[in-house]
Amino acid sequence: MKSGFVTIVGRPNVGKSTILNRLLGTKLVAVAPKPQTTRHKVLGILTEEDYQIVFTDTPGIFKPKYALQKVMVKHALSTLEDTDLTLVVVEPFRMETDIVEKLSHPAILAINKVDLLKNKPKLLPLMDEYQKFKLIQEIIPTSALYDKGIDELKQELVKLLPDEELYYPGDYLSDKNERFFAAEIIREKIFILYGQEVPYATTVVIEDFKERERGKYFIGATIYVERRTEKMIIIGKGGRAIKELGRRAREEIESRIDHPIYLELWVKVRKGWRKNLQDIREFGYG
Ligand SMILES: Nc1nc2c(ncn2[C@@H]2O[C@H](COP(=O)(O)OP(=O)(O)OP(=O)(O)O)[C@@H](O)[C@H]2O)c(=O)[nH]1
Ligand SMILES: [Mg+2]
C-alpha cells in the first residue's frame with residue numbers, strides 16, 4: 001500500500017481547486033472565476049485499491065493586505081512544510097519563480113490552463129525553466145477544465161507516494177462536514193453571481209442544519225457583509241438576486257447530500273469583519 005499527503009499550492013485562481021475536484025472525480029471544493037475563492041485548508045481524500053492520497057486544497061499565495069487575507073496565506077504557507085509531496089499549480093503565461101523557491105519537499109508541477117495557450121511551442125522553454133528546480137520531479141501540462149492531463153498527474157503522484165498504510169478509512173472524502181460544505185456552496189455561488197468586490201466582503205455561517213425524518217431537511221444560513229450597501233446588493237431589487245442565489249445553492253446542496261432541503265438565507269452586517277481577528281476566528285477562519 002502507498003499512502004501520503006499531497007499539498008496543492010499556487011497563486012490564486014490558477015485552478016488548484018478545479019484540479020482537486022478532477023483528481024477526486026467529484027465536486028468537493030468551491031471553484032469560481034474570481035481569485036481568492038478558497039479560504040480554508042480542506043482535505044480531499046482519494047482512496048483506491050493500492051493507494052491513498054490525502055490532498056490538501058489551500059488558498060492561493062499572494063501578498064495579503066488585510067487580516068483575513070493574512071490568515072489565508074498563512075494557512076497556505078503552513079502546508080508547504082508538513083507534507084510528503086507538493087503539487088504546484090501554475091498558469092502557462094509566466095514563470096512563477098517565487099512559488100517554486102518556497103518548496104521544501106519533492107514536487108510535481110502542473111502547468112494548468114494550457115487550453116488557453118494560443119502558441120503551444122511556448123510551453124517548452126517554460127518547462128525548461130522549471131526543470132532547473134531540483135525538487136520538481138515531474139512537469140505535467142494540464143487543462144483541469146477539460147479534464148486533460150489529470151490521469152497522468154495522478155499516476156505521477158502515486159509513483160512518488162511513500163509505502164505506508166492508509167491514514168483515513170477508505171470511505172472518507174474530507175475532514176470537513178456537511179455544514180462546512182453547505183456554507184462553501186453558498187459562498188461559491190456568491191463568488192459566481194455577484195460582481196466586483198461584494199463577494200470578498202461576505203462570509204456564510206450555517207445557523208441550522210436539521211435533518212428531519214420526514215420531508216425536507218432545513219438549512220438556515222446567515223450571509224455576513226461589511227456594509228448596508230452590500231446587503232442591498234446581495235438581496236437585489238425585489239429580492240431577485242438572493243432568490244437566484246438561494247435557488248442555485250439549494251440545488252447543489254441537494255445533489256450533494258442527496259436529499260431535498262429547505263434553504264433559508266439571512267443577510268446581516270458585521271462592520272469591517274475582514275480586518276477584525278476576533279470576527280475572523282468566530283467565522284471559522286482561525
Ligand atoms: N480555461 C481554463 N480555465 C480553468 C482551468 N482550470 C480552472 N479553470 C478556471 O479557473 C478559475 C479558477 O479556478 P479555481 O479552481 O477556483 O482556482 P484556484 O486556484 O483554486 O483559485 P483560489 O481558490 O482563488 O486560489 C475557474 O473559473 C475555473 O473554471 C483550465 O484548465 N482551463
Ligand atoms: Mg481554490
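Residues numbered from 1 in each chain as written. Chains lettered and ligands numbered in written order. Predicted model: local features only at pLDDT ≥ 70, side-chain atom pairs only at ≥ 80, totals over all residues. Heavy atoms only, no water.

1. A few points about the nonpolar core
No. 1: The biggest cluster of nonpolar side chains holds 28 residues, and the ones touching the most others in it are Ile-19, Ile-53, Phe-55, Leu-87, Leu-153 and Leu-157.
No. 2: For this core, the secondary structure elements donating two or more residues are β1 (2–10), α1 (16–24), β2 (42–48), β3 (51–57), β4 (85–90), β5 (107–111), α5 (150–160) and α6 (178–193). (Core = buried A, V, L, I, M, F, W, Y, C linked by side-chain atoms within 4.5 Å. Buried < 20%, exposed > 50% of the residue type's maximum accessible area, 1.4 Å probe, protein only. Helix = DSSP H or I, 4+ residues; strand = E, 2+ residues; numbered from the N terminus.)

2. With respect to the pattern of salt bridges
No. 1: Applying the stated criterion to the full structure yields 23 salt bridges.
No. 2: The residue Arg-274 makes a salt bridge to Glu-226 at a minimum N-O spacing of 2.8 Å. You can see Arg-274 sitting in the loop between β9 (261–269) and α9 (277–282) and its partner Glu-226 sitting in the loop between β8 (217–225) and α7 (228–235), a full 48 residues away along the chain.
No. 3: You can call Glu-226 buried: its relative accessible area is 6%.
No. 4: Connected through salt bridges with shared partners, the residues Arg-11, Glu-91, Arg-94, Glu-96, Asp-98 and Lys-113 form a single ionic network. (Salt bridge = Lys/Arg side-chain N within 4 Å of Asp/Glu carboxyl O.)

3. Regarding the packing of aromatic side chains
No. 1: Enumeration over the complete set of coordinates arrives at 8 aromatic pairs.
No. 2: Geometrically, the ring pair formed by Phe-218 and Tyr-262 is stacked, given 5.9 Å between the ring centres and 20° between the ring planes. Separated by 44 residues along the polypeptide, Phe-218 in strand β8 and Tyr-262 in strand β9 bring together distant segments of the chain.
No. 3: Tyr-262 sits in the partly exposed class, given a relative accessible area of 42%.
No. 4: The ring of Phe-180 is capped by Lys-176, whose NZ or CZ atom sits 5.3 Å from the centre of that ring. (Phe/Tyr/Trp six-rings, centres within 6.5 Å; stacked < 30°, edge-to-face > 60°. Lys NZ or Arg CZ within 6 Å of the ring centre and 35° of its normal.)

4. A closer look at the layout of surface pockets
No. 1: By volume, the largest pocket amounts to about 450 Å³.
No. 2: Taken together, 26 residues line the largest pocket, and the ones lying closest to its centre are Asn-13, Gly-15, Thr-18, Val-31 and Ala-32.
No. 3: Approximately 230 Å³ is the volume attributed to the second largest pocket.
No. 4: Residue lining of the second largest pocket: 14 residues in total, with Phe-180, Ala-183, Val-204, Val-205 and Phe-283 positioned closest to the centre.
No. 5: Mapped by element, the contributors of at least two residues to the lining of the second largest pocket are α6 and β7 (203–210).
No. 6: Partitioned by chemical class, the residues of the lining of the second largest pocket number 7 nonpolar, 3 polar and 4 charged. (1 Å grid on protein atoms, 1.4 Å probe; cavity = no way out; pocket = protein on both sides within 12 Å on 5 of 7 lines; lining within 4 Å. Points joined across faces, edges and corners; volume = space filled by probe spheres on them. Nonpolar A, V, L, I, M, F, W, Y, C, P; charged D, E, K, R; others polar.)

5. A short note on the sheet that holds β5
No. 1: Read from one edge to the other, the open sheet built from 6 strands follows the order β2-β3-β1-β4-β5-β6, with strand pairing classed as mixed. Each end of this open sheet is capped by a strand with a single partner; those strands are β2 and β6 (136–141). In this sheet, neighbouring strand axes are inclined to one another by 20° on average, regardless of whether the strands run parallel or antiparallel.
No. 2: Summarising the sheet, β2 and β3 pair through 7 bridges and their orientation is antiparallel. By the bridge assignment, Val-42 is partnered in β3 with Asp-57. (Pairing = 2+ DSSP bridges. Axes fitted to C-alpha atoms, helices over the stretch in contact; angles between N-to-C directions.)

6. Quick look at the site of ligand 1
No. 1: Of all residues adjacent to ligand 1, which total 23 residues, the nearest are Lys-16, Thr-18, Gln-36, Thr-38 and Asp-115.
No. 2: In the environment of ligand 1, an oxygen atom lies 3.4 Å from a nitrogen or oxygen atom belonging to the backbone of Gly-60.
No. 3: Here an oxygen atom of ligand 1 and a side-chain polar atom of Ser-143 are 3.4 Å apart.
No. 4: Relative to its unbound accessible surface of 650 Å², ligand 1 loses 92% to contact with the protein.
No. 5: With respect to the pocket detection grid, ligand 1 is positioned in the largest pocket. (Near = heavy atom within 4 Å. Polar contact = N/O pair within 3.5 Å; in protein donor to acceptor, adjacent residues only side chain to side chain. Areas by Shrake-Rupley, 256 points an atom, 1.4 Å probe, with all protein chains shown as cover. Sits in = over half its atoms within 2 Å of the grid points.)

7. Some remarks on the domain arrangement of the chain
Interfaces are often described in size by the accessible area the parts lose on coming together.
No. 1: As far as domains go, the chain holds domain 1 (2–160) and domain 2 (178–282).
No. 2: Averaged C-alpha coordinates put domain 1 and domain 2 at centres separated by 28 Å.
No. 3: Taken together, the contact between domain 1 and domain 2 spans 19 residues of the former and 21 residues of the latter.
No. 4: In total, about 1700 Å² of surface goes out of reach between domain 1 and domain 2, with carbon and sulfur atoms giving 58% of it.
No. 5: Among the residues of domain 1 in contact with domain 2, Lys-34, Arg-39 and Tyr-66 are the three that bury the most area, contributing 35% of the side total.
No. 6: On inspection of domain 1 and its partner domain 2, the count reaches 2 salt bridges.
No. 7: The closest approach of N and O atoms between Glu-188 and Lys-27, which form a salt bridge, is 2.7 Å. (Domains from an automatic or database assignment. Contact = heavy atoms within 4.5 Å. Buried area = accessible area lost by both parts, 1.4 Å probe.)

8. Section: the coordination of the magnesium ion (ligand 2)
No. 1: Looking at the magnesium ion (ligand 2), the protein donor atoms are Ser-17 (OG) and Thr-38 (OG1), and they sit 2.0 to 2.1 Å from it. Here Ser-17 is found in helix α1, whereas its partner Thr-38 is found in the loop between α1 and β2, with 21 residues between them in sequence. The exposure classification of Ser-17 matches that of Thr-38, with both residues buried. (Donors = N, O, S within 2.8 Å, 3.2 Å for Na, K, Ca; no water.)

9. Considerations on the side chain of Thr-56
No. 1: Relative to the elements of secondary structure, Thr-56 occurs in strand β3.
No. 2: Residue class for Thr-56 comes out buried when judged on its relative accessible area of 9%.
No. 3: Among all residues touching Thr-56, those that are not within four sequence positions of it are Val-6, Thr-7, Ile-8, Lys-41, Val-42, Leu-43 and Thr-79.

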